[in-house]
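Coordinate inspection notes
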Amino acid sequence: MTVSEKDNATPSLSQRRAVIEIDNVSKVFGDYVAVEHANFTIHEGEFFSMLGPSGCGKTTTLRMIAGFETPTTGAIRLEGSDVSRVPPHKRDVNTVFQQYALFPHMTVWDNIAYGPRAKKLDKAETARRVDEMLEVVRLGDFAKRKPTQLSGGQQQRVALARALVNYPKALLLDEPLGALDLKLRQGMQLELKRIQREVGITFIFVTHDQEEALTMSDRIAVMNAGRVEQIGTPREIYDRPSNVFVAGFIGQANLWPATVKGHKPNATTVEVAGRTLDVSQDDSALGVGDSGTFMVRPERMYVEQQLSDESRWTVVGTVAEMVFQGPVVRYELVLPDGAHAVAHVPARREGLPVPGDTVHASWADDAGVLLADPHNASPATSSNTSSNTSPTATEPEPKETEQ
Amino acid sequence: MSDKRPFRSRILGLWTLGVYLWLFAPIVVVVIFSFNSPAGKFNTSWNKFTLDNWAHPFRKADYTEALITSLQVAAVACLVATIFGGLMALATSRYEFRGKGLVNFILVLPLTTPEIVMGSSLFTLFFARDVSFGFTTVVIAHILFCLSFVALTVQARVRGFDWSLEDAAMDLGSTPWRTFRTVTFPLILPGIAAAGLLSFALSIDDYIITSFIAGDQTTTFPMRIFNANKTEIPAQVHVIATALLFIAISLMAIGAWRTVRRNATPA
């Protein structure tokens, strides 16, 4: 199953001009399929992220857009013209590399001037652009320094200025924040958004950090094992993941096995944790008797000894663990069928259930999502008959840097 | 324990001094004897101090001629070997290709082959092909044994080279040739320069291989000295040897100074 961009793009975006079209692109290295039938469009001025674990094909896709790799099949179009086989130095896209790749024998100024000089712009225009970019990344005072005399964050800005100075049609960023420490990284996330607004250039951002992608992106393509699993706004991907992989990779999720019992208008009846309940979504991908996965986000769950709202869906469970985490209390519940549930409840001062209590775990009608099982069993999801018992890809913290 | 340590370090100091004496005694002798006024044809026993040799370093015409031949051979061999050896180093470092392991192995072979073997086999090769011995065959031979040294020296420099710099340059619109000229070459230049100096020195120095294939008309500086050492050793030999030594030392010092200065730029 590949997700077509048409299903997910918001109307305002699809009205914008397409800058990059990835048309049924696959990339094969020997017998390893790095990217499989990728199909999506990136629009003018968009901040688009490719998100996924190590080896999901996001960097390969980026390198194909830059021109460092050639698609095995399919085409890449830049503003309508096929550039699949155009070498990198003839493409109007520029890259911020993972380790910045600043020229160590040149000053900051000469690094930024490299692009305009390669394009044979005259001296005055080159100087004007370089000074403009130094202004944009706020490094005016460092023009005469060598890259080794700069901090990681400053090197990052030079790399950004150098890649923007040619006014590319799209800027490609390959995990550019991975080498920075957490504090600096959060600062740079906002900085990147500011710069993108200022220059108005399309940014294509590769990351394995879901929080980073959610923070910065207009749209995200979630990738896994060479496939694009879902494309959508951060909100769409978080609230309506298209499958178990996406649900588990972005944020935390309760994932319970479910069996479809029947279809109603605008709702599907499923059996979950020994209960029969309705999901307000008519998923035609699943027929009666099919098995799928039912998802509820922990922060959408209520944990109460007395159910306060009869309209919510409820399962009864026992509190196994209760952890105070500051703004929320994290509950681990054991359900009658042995499955686990995780709930994040606002940390009120009183009336919170304690371990051993029998409680109602409930959620509103629109909090439950029925997911089709993934086309390919991935390690993160295959063992998930009960969720959150193992440290799979469901923790909200940024994952370890790959590569 | 406390009084053992100075004793130990004194032994170590003496030992180090001994090693340095061992290494440099012959060189010191050459330098000293360049200021000797020899009593006979052999500048091998101390007679009296003179600056006369240094005032007339090129008095012995046949030695001067041999020196010029050596410098010409070294210049051509060094240039060709540096270019081709450098390219070989880039190819074997940058690209993956079939038979890369074999190429690397073959690169090391000339270093481990005894010179007498290489000399005699080159002699056989040229003789069998009816190639007349002379300047050209000497240059070919020198390029041959310099090539491996250059390739391995440049390889060492290129190892750890960040190839994403080339990607970055091309990404910014630079053609492959401009990328090489403005990024790759300046960054590997120190390695290339070191390799060039090394091959120049190797070429100037070689006697064994050269003597096999030089023929009757071509005589290099080492050949000239060796062929005459039964009949004479003029002081000019010591003068020229000392001069070459100091040129080599100055070049190394310049290189070291530049490195130090580059690294010492205030952060």
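Right, let's walk through the structure included here. (Residues numbered from 1 in each chain as written. Chains lettered and ligands numbered in written order. Predicted model: local features only at pLDDT ≥ 70, side-chain atom pairs only at ≥ 80, totals over all residues. Heavy atoms only, no water.)

Comments concerning the sheet that holds strand S14 (residues 291-296) of chain A
Residues and elements named next belong to chain A. In spatial order, the strands read S13-S12-S11-S14-S20; together these 5 strands make up an open sheet with antiparallel pairing. Because the sheet does not close on itself, it has two edges, and the strands there are strand S13 (275-279) and strand S20 (369-372). The average angle at which neighbouring strand axes cross in this sheet is 45°, direction not considered. For strand S12 (residues 267-272) and S13, the ladder comprises 5 bridges, and the chain directions are antiparallel. (Pairing = 2+ DSSP bridges. Helix = DSSP H or I, 4+ residues; strand = E, 2+ residues; numbered from the N terminus. Axes fitted to C-alpha atoms, helices over the stretch in contact; angles between N-to-C directions.)

Regarding the interface of chain B and chain A
Across the contact, 22 residues belong to chain B and 24 residues belong to chain A. Summing both partners gives a buried area of about 1,800 Å² for chain B against chain A, and 62% of it is carried by carbon and sulfur. Three residues, Asp171(B), Leu172(B) and Arg178(B), lead the burial of chain B against chain A; their summed loss comes to 38% of the area buried on that side. On the surface where chain B and chain A come into contact, there are 1 salt bridge. Linking chain B to chain A there are 8 residue pairs in polar contact (both at pLDDT 80 or more). Elements that contribute at least two residues to the side of chain B that touches chain A include exactly helix H7 (164-171) and helix H8 (176-205) of chain B. When its residues are assigned to classes, the side of chain B that touches chain A shows 11 nonpolar, 7 polar and 4 charged. (Contact = heavy atoms within 4.5 Å. Buried area = accessible area lost by both parts, 1.4 Å probe. Salt bridge = Lys/Arg side-chain N within 4 Å of Asp/Glu carboxyl O. Polar contact = N/O pair within 3.5 Å; in protein donor to acceptor, adjacent residues only side chain to side chain. Nonpolar A, V, L, I, M, F, W, Y, C, P; charged D, E, K, R; others polar.)

Focus: the sheet that holds strand S5 (residues 81-82) of chain A
Spatially, S2-S1-S4-S5 (chain A) is the arrangement adopted by the 4 strands of the open sheet, whose pairing is antiparallel. Looking at the sheet topology across the chains shown, the edges are occupied by strand S2 (32-43) and S5 of chain A.

Here we look at unusual backbone geometry
Residue and element names in this part refer to chain A. One non-glycine residue, Ala225, lies in the positive phi region at around 50°. Tracing the backbone through its elements, the reader meets Ala225 in the loop between strand S9 (219-224) and strand S10 (227-232). Given the relative accessible area of 39%, Ala225 is considered partly exposed. Located in the positive-phi region is Asn266, a residue other than glycine, with phi close to 65°. (Buried < 20%, exposed > 50% of the residue type's maximum accessible area, 1.4 Å probe, protein only.)

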